[in-house]
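Reading the structure
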Amino acid sequence: MTDSDVPGTIRKPRRIEDLTDVYDFLEEVRLRPGMWVRNNSLQHLDSMLTGYRVALGIHDIAEPFDFWTPGSQNHFSEWLCQRQGRPSSLGWAAEIEREAERSGRPAMEMFFELLDEFRADAKPVKPSQTETQQAHAAD
């Protein structure tokens, strides 16, 4: 049993070497945002994630990355625009910071709530038994 398995305990930070992808990194940011992101600015977090993506490209590492894809809109921004019901050329960080200011909430807190929602929406939905039977019947 680890510390994070016990209700009411806070997970201990992990070493960089123990992180496997951008979402592991973001969980470390969530745990201690003040350590990672200057002034808890989503603009700074966006810059860090851009650097992360550039490093993936430089080192030819294939990793799904939802925050910036050169030459196209990224998945997180697309999702956020759909969720808000309006397009934006500002990018996800500026949009969330604007919304957080309007609602009087911390932008970093809002980002992680939206990130959790995005990830939940992105999980593949397991087809129901009826859908599976219908697909086999169509074959």
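Cut-offs applied
Residues numbered from 1 in each chain as written. Predicted model: local features only at pLDDT ≥ 70, side-chain atom pairs only at ≥ 80, totals over all residues. Heavy atoms only, no water. Helix = DSSP H or I, 4+ residues; strand = E, 2+ residues; numbered from the N terminus. Buried < 20%, exposed > 50% of the residue type's maximum accessible area, 1.4 Å probe, protein only. Contact = heavy atoms within 4.5 Å. Salt bridge = Lys/Arg side-chain N within 4 Å of Asp/Glu carboxyl O. Phe/Tyr/Trp six-rings, centres within 6.5 Å; stacked < 30°, edge-to-face > 60°. Lys NZ or Arg CZ within 6 Å of the ring centre and 35° of its normal. Expected span 1.5 Å × (residues − 1).

1. Brief notes about the overall build of the protein
The number of helices and strands found in the protein is 7 helices and 0 strands. Start at the N end of the protein and walk to the C end: the helices and strands fall as α-α-α-α-α-α-α. The 139 residues of the protein split such that 28% are buried. Within the protein, contacts between residues at least 6 apart in sequence are counted, and of these 43% link residues at least 24 apart.

2. Focus on the pattern of salt bridges
Note that side chains of opposite charge can pair when their charged atoms are close. Going through the model one piece at a time under the given rule, you end up with 12 salt bridges. Residue Asp 24 pairs with Arg 14 through a salt bridge whose shortest N-O separation is 3.7 Å. Taken together, the positions of Asp 24 in helix α1 (residues 22–31) and Arg 14 in the segment before α1 put the pair 10 residues apart, joining distant regions of the chain. Among the salt bridges present, the one from Arg 105 reaches Glu 109, with a minimum N-O distance of 3.2 Å. A single salt-bridge network, built from bridges that share partners, covers Arg 11, Arg 14, Asp 24 and Glu 28.

3. Notes on unusual backbone geometry
What is expected of a backbone is that most residues other than glycine have negative phi and most peptide bonds are trans. At Asn 40, a position not held by glycine, the phi torsion is positive, near 50°. For Asn 40, the location among the structural elements is in the loop between α2 (33–36) and α3 (42–58). Using a relative accessible area of 36% as the deciding quantity, one classes Asn 40 as partly exposed. Of note, Asp 60 is a non-glycine position whose phi angle comes to about 55°, a positive value. Following the sequence through the fold, Asp 60 ends up in the loop between α3 and α4 (75–84).

4. Some details on the packing of aromatic side chains
Inspection of the entire model under this criterion finds 14 aromatic pairs. With 5.8 Å between their ring centres and 75° between their planes, Phe 76 and Phe 111 make a pair best called edge-to-face. Of the two residues, Phe 76 sits in helix α4 while Phe 111 sits in helix α6 (residues 107–122), which places them 35 residues apart along the sequence. Note on Phe 76: relative accessible area 0%, which makes it buried. One aromatic cluster is present, built from ring pairs that chain together Tyr 23, Phe 25, Trp 36, Tyr 52, Phe 65, Phe 67, Phe 76, Trp 79, Trp 92, Phe 111, Phe 112 and Phe 118. In this structure, Arg 119 packs its charged tip against the face of Tyr 23, placed 3.8 Å from the ring centre.

5. With respect to α6
For α6, which comprises 16 residues, the first-to-last C-alpha distance of 22 Å matches the rise-based estimate of 22 Å (1.5 Å per residue) to within 8%. Along α6, the positions that sit buried rather than exposed are Ala 107, Met 108, Met 110, Phe 111, Phe 112, Leu 114, Leu 115 and Phe 118. In this structure, the buried residues of α6 make contact with α1, α2, α3, α4 and α5 (92–103).

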